[in-house]
Every structure is written in structure tokens, then in C-alpha cells.
Amino acid sequence: MRTKEIKNIEKEFKEFYINFMQIDSNTFCININANDDTKSEFININENTDHILTLVIKLHSNCFEVINKNLGEQTKFFESIEQIFNFFCPISFKKYITKNIESNSCFYFSNKMNDYIKVDLIHNLYKNKKWKEIKLNKFDTLSNIKKKIYGHTGTSADNMNLYAYDELNIENTQIFLNNDKLTLNDYGVKDNYIIYIQEINPTFHNDIIYNMDDEKNLEKLKHLKYQINDEDYDKRQDSFRKFIQKIKQNQKNTLLKNQEENIQNSNHNLYNQELYKIGNRCRIIIGDRRGTLKFVGNLKNNDIIYVGVDLDEPLGNSDGFYQKKKLFECKGDKYGYIGNINSVEVGDFPPFDIMDFDEF
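Remember, predicted model here, so these are calculated numbers, not experimental data. (Residues numbered from 1 in each chain as written. Predicted model: local features only at pLDDT ≥ 70, side-chain atom pairs only at ≥ 80, totals over all residues. Heavy atoms only, no water.)

Considerations on the overall build of the chain
Note the cut-off: Secondary structure counts use DSSP, requiring at least four H or I residues in a row for a helix and at least two E residues in a row for a strand, with both numbered from the N terminus. Each residue is assigned to one of three classes by its accessible area relative to the maximum for its type, calculated with a 1.4 Å probe on protein chains only: buried under 20%, partly exposed between the two thresholds, exposed over 50%. The criterion used for residue contact is that any of the two residues' heavy atoms lie within 4.5 Å. Note on areas: Shrake-Rupley with a 1.4 Å probe; residue coverage comes only from the protein chains shown.
Scanning the chain for helices and strands turns up 10 helices and 17 strands. For the chain, the proportion of its 360 residues judged to be buried stands at 36%. In the chain, the share of contacts with a sequence separation of at least 24, taken over all contacts with a separation of at least 6, comes to 49%. Surface accessibility of the chain: about 23400 Å² in total, with carbon and sulfur atoms responsible for 48%.

What about the pattern of salt bridges?
The line we're drawing: What counts as a salt bridge is simple: a side-chain nitrogen of Lys or Arg found within 4 Å of a carboxyl oxygen of Asp or Glu.
Tallying each qualifying case throughout the model produces 9 salt bridges. Residue Lys 146 pairs with Asp 180 through a salt bridge whose shortest N-O separation is 3.1 Å. Here Lys 146, found in helix α5 (residues 142–153), pairs with Asp 180, found in the loop between β9 (175–177) and α7 (184–187); they are 34 residues apart in sequence, far enough to count as distant. Lys 146 sits in the buried class, given a relative accessible area of 7%. A residue is classified by how much of its surface remains accessible, and Asp 180, at 32% relative accessible area, is partly exposed. One network of salt bridges, with partners in common, ties together Arg 283, Asp 288, Arg 290 and Glu 345.

A few points about the sheet that holds strand β17 (residues 344–346)
The pairing of strands in a sheet happens through backbone hydrogen bonds and is either parallel or antiparallel. Note the threshold: For two strands to count as paired, DSSP must find a minimum of two bridges between them. Every axis in this analysis is a line fitted to C-alpha atoms, fitted for helices over the stretch in contact. Angles between the N-to-C directions lie between 0 and 180 degrees.
Across the sheet, 5 strands lie side by side as β16-β13-β12-β11-β17; this open sheet has antiparallel pairing. Lying at the two open borders of the sheet, with one neighbouring strand each, are β16 (336–340) and β17. Here the average twist between neighbouring strands, direction ignored, is 40°.

It is worth stressing that arrangement in space is one thing and function is another; only the former is reported here.
Set out below in C-alpha cells:
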């Protein structure tokens, strides 16, 4: 009597066959869609135009026998049902096995993903800090969870107490996670919970240790709050308040220093704007080259004042362009001059008259 084993085959391979019928306690008939198979001699056993392979199988104590009358001299005995499928319809069976493996892998992966929850972390020493959507395995022991939290917050595993609650239902969901051998699942911690980290021996102290806006909600939390009076707190040289005060003082000193430097630079770069007015005549001191002032201002990332001059003769160092950008108009190449404001003298310097030279 092999009825139970036949039922197991029917159940296990139900996605492989298209029809299954038990004939008696030891025999069953199975129809398989074998369109993809290459062994056409078996596909056409029943001369079925739909290429449905029909196998009649009998179970013995130590083997399976295919008892189709039209098999002729073909092999009839097999050690397992899988051997039968692989012999008569290898391609179809291979596709079925591959699909089944992928399906089981997805199921396994899906189950593994369900082991994780996302929580937000807040810390008693960081007022405005929240680590959002931290993924934790709810079946990890709290000992392992603390090690992972250490990686985010820097608080060592042996120096923290953990509390969990649902931010939308604080009154009824507060949990003190005090047993490192238990898991988040044991405590009923769920997706979107808040895990509050209390540093037992704070390395520095903050004025306000909670990261919540509603003070009424703070009072509902039953865990302890680190407190110190202002007088004792001000005596500490390593306090967070002193640290902030030091930063603010440094910022103030830097601002004052920058202001003084700006004043000095401004005084250093003062020039007579009326004298160095665009259009005034001037001369380049070296070489007594004369021309008209066309530009006064900064060129580089500093406070040095430069001038641009349209020379009367092509004796300059520019064509009016600076770093491929037109700085001022001039007559052409070599008619422009760019230099430090101290290299020119502004005044009554008319163009040279050729008759002024002694040679003539």
C-alpha cells in the first residue's frame, strides 16, 4: 500500500504536471506538457497532437516502474520519480527545477528581509540629532544591537541603557530593554519605533538631552534624565557649555581680526579717485610712454590697484584684453598697457610732437 507516497508525489510536483490521477493504491497516471523537450520519441508516445506526455507509474518497494504498454523495449524501472521525469522529459523537468529553486530563493530572501525593522535612534547627549531609519534585525540579541548602535552614536555597548517606544503612542508603548540576552522581537519592538539611548556615564554634558519638541511627552517617559545644577555645571572646564562659549569667542575674535585687516587694506589701497579719473592723461614712468587712462581697479584676487592705459604709440604690453576678456578700448596690439597704479603718473602729458625732438 503506497497511497501516502503517491499523495506526496501529487502534492510536491503539482506545478510540474497538468493532470494527476491515482489508479489504485500502488499506481498513478500523470500527464506532462512536454512541448519543449527534444526527445520526440517520448513526446509522441500517445500520438497526441498537443504533445502531452502520459506516464502510467507503479510503485514497488524499492523502485518505480513505468508500465505504458507502447514503450516497447524502453527502460521501465527507475530509482526515483525524479529519474523518470528527467529521462522522459529532461528539458521540461530542468525548467521546473530551476524555477522552483529561484522561487525558494526569493521566499528565503523575503523571509530574511522580514527579520528586519527600521527604527529611529535618539541620544540623551545630542539634542537635535536623530539617526533615521536604522535597520536592525529584530531577532538579534540586545548585546549585538548595542554593538551596532555604538557604530552610529559612539556610545560603547557597556555604557548605554536602551528604551523603546512608539512616538504616536508613548503612554502605552514604553519599554526598558534591560536584558542583553533577549531580542527586539522578544520585547515587541516594531517598525518605526524610537530607540532612546541613555549614556550611563556621560563623557560630556548637554543642557537639554532629549530630541523632542513636546515637553509634555518628555514627562511621560519613565527613564531617568541626567541633571546637574547650573552652579556646579559652570565650574566644569570640560562642559559642553564651555565648549560652545569657546567656539563663539573664537568666532568673535576671527570677525574682529578680519574687520581690522579690511580697514588696513582699504587704507593701503586708497587713491585719489579724482586724479585717477578715466580719460585723464598719464605717462608710464619707465620709458615716458604717454597715453590716456582707460581702467582703474582690481584684477587679481587681492587688493592691489591696477591701471589700463591706451598709449599714443605701440609701446605697451597689452591689446586691452586681460585673461581673454576685454578690459578697455585701445588702438590695437601693443597700444595697451596694464600695470600697477604706482607705475604711472597722471598729469598734463600731451602726445609727443615729432618736431620736439632735437634730431629734427
